[in-house]
Amino acid sequence: QVQLVQSGGGLVQTGGSLRLSCAASGFAFSFTNMGWYRQAPGKQREWIASITTSGSANYADSVKGRFAISRDNAKNTVYLQMNSLKSDDTAVYYCNYYSTIWRSYAYWGQGTQVTVSS
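Report follows, based on the coordinates. (Residues numbered from 1 in each chain as written. Predicted model: local features only at pLDDT ≥ 70, side-chain atom pairs only at ≥ 80, totals over all residues. Heavy atoms only, no water.)

Observations regarding the state of the cysteines
Every disulfide links exactly two cysteines, by a covalent bond between their sulfur atoms. Tallied over the entire structure, the rule returns one disulfide. Here cysteine 22 is linked by a disulfide to cysteine 95, with a sulfur-sulfur distance of 1.7 Å. On the criterion of sequence distance, the pair formed by cysteine 22 in strand β3 (residues 18–25) and cysteine 95 in strand β9 (residues 91–97) is long-range, its members being 73 residues apart. Classification of cysteine 22 by relative accessible area gives buried; the value is 0%. Judged by its relative accessible area of 0%, cysteine 95 is buried. (Disulfide = S-S within 2.5 Å. Helix = DSSP H or I, 4+ residues; strand = E, 2+ residues; numbered from the N terminus. Buried < 20%, exposed > 50% of the residue type's maximum accessible area, 1.4 Å probe, protein only.)

Focus: the environment of proline 41
Residue position: proline 41 is located in the loop between β4 (34–39) and β5 (46–51). Residue classification places proline 41 among the exposed residues on the basis of a relative accessible area of 69%. Separated by 26 residues in the primary sequence, proline 41 and phenylalanine 67 have C-alpha atoms spaced 20 Å apart.

Notes on the sheet that holds strand β1 (residues 3–7)
Strand order in the open sheet formed by four strands is β1-β3-β8-β7, and the pairing between neighbours is antiparallel. Because the sheet does not close on itself, it has two edges, and the strands there are β1 and β7 (67–72). Each strand of the sheet is rotated relative to its neighbour by a mean of 15 degrees, with strand direction disregarded. Alignment of β7 against strand β8 (residues 77–82), held across six bridges, turns out to be antiparallel. Note that in β8 the partner of isoleucine 69 across the bridge is leucine 80. (Pairing = 2+ DSSP bridges. Axes fitted to C-alpha atoms, helices over the stretch in contact; angles between N-to-C directions.)

Here it is in structure tokens:
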């Protein structure tokens, strides 16, 4: 059974940093491209970063240069380092598989809330 447990969110001031973690189980993590996504209040869920099995990363323009995705295959964990946080980054953050059909995924885990205050 697939499980994705996100953690590390919280309340931070503008310009601050947070590191999110996502512990994965129930599938072959090291052979799976992974992504981070977020959903702000009243908005659709959006992709923000992804990392391939070989460690290549891609980012949405909104977070490029501020966020960094990484993975530890030995721990079945994917991370998101978030720096220079802005109020627009306030959202619930999720990790999941990454593919072009990510919008169709049924399971998303509980997510972790990130709130950036000015």
